[in-house]
Every structure is written in C-alpha cells, then in structure tokens.
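Given next are the chains, with one letter for each unit.
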Amino acid sequence: MAENVNIDLSGEMNATTEKKGLQKLLQHVRSGAAPALVLGLLSSRRPWTQFIATENFKTPASIPRLTRRFYRNIEYFQANYLVVFLGLFAYCLITSPLLLIAMVASFFGYRKLTSGPNTWKIGSWELTKTQQYAVYAAASMALCWLAGAGAVLFWVLGATVTVVALHASFFDAESLPPSEEQFPMIEQV
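Figured I'd write up the structure that's included with this text. Everything quoted here is computed from the prediction, not taken from an experiment.

Position of isoleucine 101 relative to the elements: it lies in helix α6 (residues 97-114). The spacing of isoleucine 101 and cysteine 144 is 43 residues in sequence and 9.3 Å in space, taken between C-alpha atoms.

What follows is the structure, encoded as structure tokens:
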C-alpha cells in the first residue's frame, strides 16, 4: 500500500519580511495614526450611568461564569477602562509637579531635536543625529527617574488593573444589551 509521493521542492525562497506586531504599531504611531486610533476607541465609550450602575454588581455563581463575564465586560467597556487609565495617569501628573515638569521638558526637548537640522558639538567632535537621539533619550530617562516616574508607572498600572479586574469580575454581563456576535454567550446549567 506504500506509494511513492513526489513533491517538487524547487524554487526560490523570498527573504522579504513583513512588519508585524510592534513594528507595525510603531509605523502607525510615526504616521500620526495613533491619535486617530485612540479617538476611534474613545468614540465607542459606553454611558457612565451604565458603567457604574450599582444594581448590576453581583457575585458570579461559578468560575466559568466569572470568566465569561470578565471577557465580555473587557470587550464591552474597553473605552471606559481606557478613560479610567487616562484619569489615573492625569491624577498622578497633577499630584506630582516634578514629574509634570520632567514630562513637559522631555516633550519640548524632543520637539526641539526633531524641528530641524541641529548640530551638537562636544569639544571638536560633532554628534550625528542618532547620537543626539541617544543623548536625549538618556537625559530624558534620567530626568524621569529623578522625578519618580517608575513609581508612578507601577502605581497607575497597578491601580488600573485592580479597578478594571474588580469591575469586569463583578459587573453582571447578563444586564448588558445583547451583542452582535455570531455566537452569543452560552451558559452552562
């Protein structure tokens, strides 16, 4: 019953690579599409009265129900969760003036660096544009480190994850309007 199978393996390999993942995201950011993406996401924000309706907070009956509820709420309220993150970030910037100054200084330094042909000289040595970016990045990171950006970053991320996880876990997804998914949420009895 054994048959001889001939497979043609001749040809050329094309070594072109497509931009994937992070590279593609960075390409969108460089092209100026990032604000449009954020604004597009924010346009799908749900009403805050629905988001904080206390009568819809209930403990889940089982772990499978908790998992479905969590994912459904993350999908449904993703724009609201982004606003919560941005609000916590703004709160940190307002309550930490040194960090706000460091962020503004970093922003204006970047604008100055990219505004035109700048030449930096250290002694008789002229820095290339790449070296200028490296010096700028090192100075900005040092300034942000001195201002306590690391602690703020972890606080904002931790607080956001906590708030989002609690809301998504305890907000009753059955009270939400039915979605236009091909396969609606199915519950086990």
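Text resumes after the structure shown.
Considering only enclosed or pocket space, the largest pocket measures out at about 190 Å³ in volume. If you trace the largest pocket, you find it lined by Phe85, Leu86, Phe89, Leu99, Met103, Ala149, Val152, Leu153, Val156 and Leu157. Elements with a minimum of two residues in the lining of the largest pocket: α5 (78-95), α6 and α8 (149-170). Per-element accounting of the lining of the largest pocket gives the leading share, five residues, to α8. Considered class by class, the residues forming the lining of the largest pocket number ten nonpolar, no polar and no charged.

It is worth spelling out the side chain of serine 106 at this point. With respect to the helices and strands, serine 106 occurs in helix α6. Classification of serine 106 as buried rests on a relative accessible area of 11%. Looking at serine 106, its side chain comes within polar contact range of the side chain of serine 140, at 3.4 Å. Excluding residues within four positions of it along the chain, serine 106 makes contact with Tyr136, Ser140, Leu143 and Cys144.

Conventions and cut-offs
Here the residue index of a chain counts from 1 through its sequence in written order. Since the coordinates come from a predicted model, pLDDT governs what is reported: local features require at least 70, and pairs of side-chain atoms require 80 or more to be given and counted, while whole-chain, interface and lining totals use all residues. Side-chain measures here rest on the full set of heavy atoms in the structure, leaving out hydrogens and waters. Only runs of H or I of at least four residues qualify as helices and only runs of E of at least two qualify as strands under DSSP, and these elements are numbered from the N terminus. Any residue with an atom within 4 Å of a point lines the site, the site being either a cavity, points on a 1 Å grid over the protein atoms alone where a 1.4 Å probe fits but cannot get out, or a pocket, an open set with protein on both sides within 12 Å along at least 5 of 7 lines. Grid points are joined across faces, edges and corners, and a volume is the space filled by probe spheres set on the points. Note that Gly is not counted as nonpolar here; it falls among the polar residues with everything else outside the nonpolar set of Ala, Val, Leu, Ile, Met, Phe, Trp, Tyr, Cys and Pro and the charged set of Asp, Glu, Lys and Arg. The classification of residues rests on relative accessible area computed with a 1.4 Å probe and restricted to protein chains. Under 20% of the type maximum is buried, over 50% is exposed, and intermediate values are partly exposed. Polar contacts, as used here, are pairs of N or O atoms within 3.5 Å; protein pairs need one atom able to donate a hydrogen and one able to accept it. Residues neighboring in sequence count only if both atoms are side-chain atoms. Residue contacts are defined here by distance: any two heavy atoms, one from each residue, within 4.5 Å place the two residues in contact.

On their own, these measurements won't tell you what the molecule is for.
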